[in-house]
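Okay, here's what each chain looks like letter by letter:
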Amino acid sequence: MAEAVQFNLKPDDVPTAWYNILPDMAAQGMPPLPPLHPGTHEPVTPDLLLALFPESIVKQEVSAEPTIDIPGGVLDVYRLWRPTPLYRARRLEKALQTPAHIYFKYEGTSPVGSHKPNTAVAQAYYNKEAGTKRLTTETGAGQWGSALSMGCAFFGLECLVFMVKASYYQKPYRRVLMETFGAEVRPSPTSTTEAGKKILEGDPESPGSLGIAISEAIEAAVTGTDTKYSIGSVANHVLLHQTVIGQEARKQMDLAGQYPDVVIGCVGGGSNYAGLAYPFMQDRLNGKRDTTFIACEPAACPTLTKGKFAYDFGDTGQMTPLFPMYTIGHQFVPAPVHAGGLRYHGDAPSLSLLVKHGHMEARAYTQNPVFEAAVQFTRAEGIIPGPEPAHAVRAVIDEAIEARESGKEKVILFNLSGHGHFDMQAYDDYLAGRLPEVEFRQADVDAAMTKLPPVPVPG
Ligand SMILES: *Cc1c(COP(=O)(O)O)cnc(C)c1O
């Protein structure tokens, strides 16, 4: 029989509930730390969150239930592309001459080419149910903006997107994709919000950042009528929605007859990686498995590897609550690297806590080794990874080479969170030798760290 490379599920195998890791973490001595009010530094009350999100989402954000049922209206849309495929990268294994087994879950088969619709659709659905007319949001490379634009189009909501200026000009086709779905897209920082104006006064040439765009989107939501805000990563409810990825992957690894020794993903705010990893992390937390978890980030924005676990704002304009997380400071503006989706100063609180407690490790890479790995992957498997999951591919290849050198047969699973069809400029730059090796500047991080709010973290 031919060697299997695809491990496919049936339409009925789409998960019908999301997995909430918070109670499992709490049971292992990692209870969620409360977000704090930006002014009083007291734990936030729900009314602060209700200004931004519908009640159904706020409930999920703080839920202690181990699972939350997925509404039928969301499942109907998930079925357009879910379950997504799981592949074994046999051709890459051969090219690397590694005894490692390399599996990847491919989220690039969604209509917009990434995992992001898993939460965009759910958020649009709950907002529609609650009577919201318009959603505002930020986007880096445009994946989140296009996912939410699609979600809004499906549920008849207006969509206003603040797109990080560096990406707005680097990736014009994603803007057109959002506009095709009917969204309005503005290059952030804009002069249409107070938060944007303040940044432009200090630096008229600011390339923007996710932190700045979040401030603008929140301001537009709280000052607009029937308008709410929607976030593409970091928040508990976003990671929750993404767990459909890992739940499917578990069943697919069962089909393959294997369990991963190593689970790898890229981390911008943490949602795609948590989505794949948490259903496996559950086994580690319950003492059933000893899986290694590796989170990958850009050296230009090294939140987990160089940051500090602290209470910090989610945005540059200090409008959000303070979140307990790894951060390199809400004022840090990372260099405009191609992995726009990884240019965020913080990370999801639950993922940060898992790193802090040693359940996950983190690695940072500069651009050229990342694209070298991505090109190697493309030539073996045919799929062009987005610049973000290309960071995960780097770690996968390093692990596979390590397996070859140590002669150990290990099972590696990673999340190929999206394709790179809208990112060919990045590949063009790499292939032409024009890709700058951008590291973070320690002085910039040090300066940003002095602006952290003076709030101690328990533990
Ligand atoms: C947005 C994005 C990321 C980074 O965000 P996370 O919340 O960390 O997942 C990674 N990969 C792709 C394809 C993205 O669109």
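The structure we're discussing is the one just above.
For the structure given in this document, a descriptive report is provided here. These numbers were taken from a predicted model, which means no experiment stands behind them. (Residues numbered from 1 in each chain as written. Predicted model: local features only at pLDDT ≥ 70, side-chain atom pairs only at ≥ 80, totals over all residues. Heavy atoms only, no water.)

Some remarks on the overall build of the protein
Looking only at helices and strands, the protein features 19 helices and 14 strands. Taking 459 residues into account, the globule formula puts the C-alpha radius of gyration at 23 Å, and the protein, at 20 Å, falls close to it. For the protein, buried positions account for 62% of its 459 residues. Nonlocal contacts in the protein, meaning residues at least 24 apart in sequence, comprise 77% of its contacts between residues at least 6 apart. Total accessible area computed for the protein in this model is approximately 17,000 Å², and 52% of it derives from carbon and sulfur atoms. Computing the positive centroid from 39 side-chain charges and the negative centroid from 50, the protein places the two 3 Å apart. (Helix = DSSP H or I, 4+ residues; strand = E, 2+ residues; numbered from the N terminus. Rg over C-alpha atoms; globule rule 2.2 N^0.38 Å. Buried < 20%, exposed > 50% of the residue type's maximum accessible area, 1.4 Å probe, protein only. Contact = heavy atoms within 4.5 Å. Areas by Shrake-Rupley, 256 points an atom, 1.4 Å probe, with all protein chains shown as cover. Lys, Arg positive; Asp, Glu negative; His and termini not counted. Charge placed at Lys NZ, Arg CZ, Asp CG, Glu CD.)

Some thoughts on the sheet that holds strand E10 (residues 292-298)
Across the sheet, six strands lie side by side as E3-E4-E14-E9-E10-E13; this open sheet has mixed pairing. If you trace the sheet from one side to the other, it starts and ends with strand E3 (86-88) and strand E13 (361-365), each paired once. Strand after strand, the sheet turns through a mean of 25 degrees between neighbouring axes, direction not considered. Taken together, the five bridges between E10 and E13 define a ladder with parallel strand orientation. Note that in E13 the partner of Ala295 across the bridge is Ala362. (Pairing = 2+ DSSP bridges. Axes fitted to C-alpha atoms, helices over the stretch in contact; angles between N-to-C directions.)

A few points about helix H15 (residues 349-356)
Of all eight residues making up H15, seven are buried, and the element is well covered by its neighbours. If you check which residues of H15 are buried, you get Pro349, Ser350, Leu351, Ser352, Leu353, Leu354 and Val355. Where the residues of H15 are buried, they touch helix H1 (22-27), helix H12 (236-256), helix H13 (271-285), helix H14 (303-306), strand E11 (308-313) and strand E12 (322-327). In the stretch just after H15, Gly358 is the one whose phi turns positive, near 80 degrees.

Some remarks on the packing of aromatic side chains
Under the counting rule described, the total for this entry stands at 14 aromatic pairs. Taken together, a centroid distance of 5.4 Å and an interplanar angle of 80 degrees make the contact between Tyr125 and Tyr126 edge-to-face. Geometrically, the ring pair formed by Tyr259 and Phe280 is edge-to-face, given 5.6 Å between the ring centres and 75 degrees between the ring planes. Note that Tyr259 is positioned in the loop between H12 and strand E9 (262-266) and Phe280 in helix H13, a separation of 21 residues in sequence. As far as the burial class goes, Tyr259 and Phe280 line up, both buried. By way of ring pairs, the aromatic residues Tyr87, Phe104, Phe377 and Phe414 are connected into one cluster. (Phe/Tyr/Trp six-rings, centres within 6.5 Å; stacked < 30°, edge-to-face > 60°.)

Considerations on the layout of surface pockets
Looking at the largest pocket, its volume works out to about 690 Å³. Along its surface, the largest pocket is lined by 42 residues, and Pro35, Glu61, Val62, Asn236 and Phe323 are the ones closest to its centre. Among the secondary structure elements, those contributing two or more residues to the lining of the largest pocket are H1, helix H2 (46-50), helix H3 (55-61), helix H11 (210-223), H12, E12 and H15. Taken together, the residues of the lining of the largest pocket break down into 32 nonpolar, seven polar and three charged. For the second largest pocket, the calculated volume is near 270 Å³. Lining the second largest pocket are 18 residues, and of these Asp203, Pro207, Phe332, Val333 and Pro334 lie nearest its centre. A breakdown of the residues in the lining of the second largest pocket according to their chemical character gives 10 nonpolar, four polar and four charged. (1 Å grid on protein atoms, 1.4 Å probe; cavity = no way out; pocket = protein on both sides within 12 Å on 5 of 7 lines; lining within 4 Å. Points joined across faces, edges and corners; volume = space filled by probe spheres on them. Nonpolar A, V, L, I, M, F, W, Y, C, P; charged D, E, K, R; others polar.)

Focus on the nonpolar core
Nonpolar side chains tend toward joint burial in soluble globular proteins. Judged by nonpolar contacts, the single largest core of 93 residues is most densely connected at Trp18, Tyr278, Leu351 and Met360. Among the nonpolar cores identified, the runner-up in size contains 35 residues, and Phe371, Ala373, Val375 and Val396 belong to it. (Core = buried A, V, L, I, M, F, W, Y, C linked by side-chain atoms within 4.5 Å.)

Topic: the packing of helix H10 (residues 194-202) against H11
It is the contact of H10 with H11, at a shortest axis distance of 7 Å, that shows an interaxial angle of 145 degrees. Together, Glu194, Ala195, Gly196 and Ile199 of H10 and Ile212, Ser215, Glu216 and Glu219 of H11 make up the contact between the two elements. Of the residues contributing to the contact of H10 with H11, the split by class is three nonpolar, two polar and three charged.

Regarding empty space enclosed by the protein
Per the stated rule, a full pass over the model turns up three cavities of 30 Å³ or more. What the largest cavity holds in volume is close to 370 Å³. Around the largest cavity, the lining comprises 32 residues; the ones closest to its centre are Lys116, Leu210, Ser233, Gly269 and Gly341. Put simply, the parts of the chain that give the lining of the largest cavity at least two residues each are strand E5 (134-139), helix H7 (143-155), H11, H13 and helix H17 (387-406). Residue composition of the lining of the largest cavity, by class: 11 nonpolar, 18 polar and three charged. Around the second largest cavity sit 14 residues that line it, and Pro298, Val337, Thr366, Gln367 and His391 are the ones nearest its centre. Within the residue set of the lining of the second largest cavity, elements represented by two or more residues are helix H16 (367-381) and H17.

So, the site of the ligand
Around the ligand, the surrounding shell holds 18 residues, and the nearest of these are Lys116, Ser233, Gly268, Ser271 and Asn272. At 2.5 Å, a side-chain N or O of Ser233 approaches an oxygen atom of the ligand. At a separation of 2.8 Å, an oxygen atom of the ligand approaches a polar backbone atom of Gly270. Burial of the ligand by the protein amounts to 97% of the accessible area it has alone, namely 380 Å². Applying the majority rule of atoms within 2 Å of the grid points places the ligand in the largest cavity. (Near = heavy atom within 4 Å. Polar contact = N/O pair within 3.5 Å; in protein donor to acceptor, adjacent residues only side chain to side chain. Sits in = over half its atoms within 2 Å of the grid points.)

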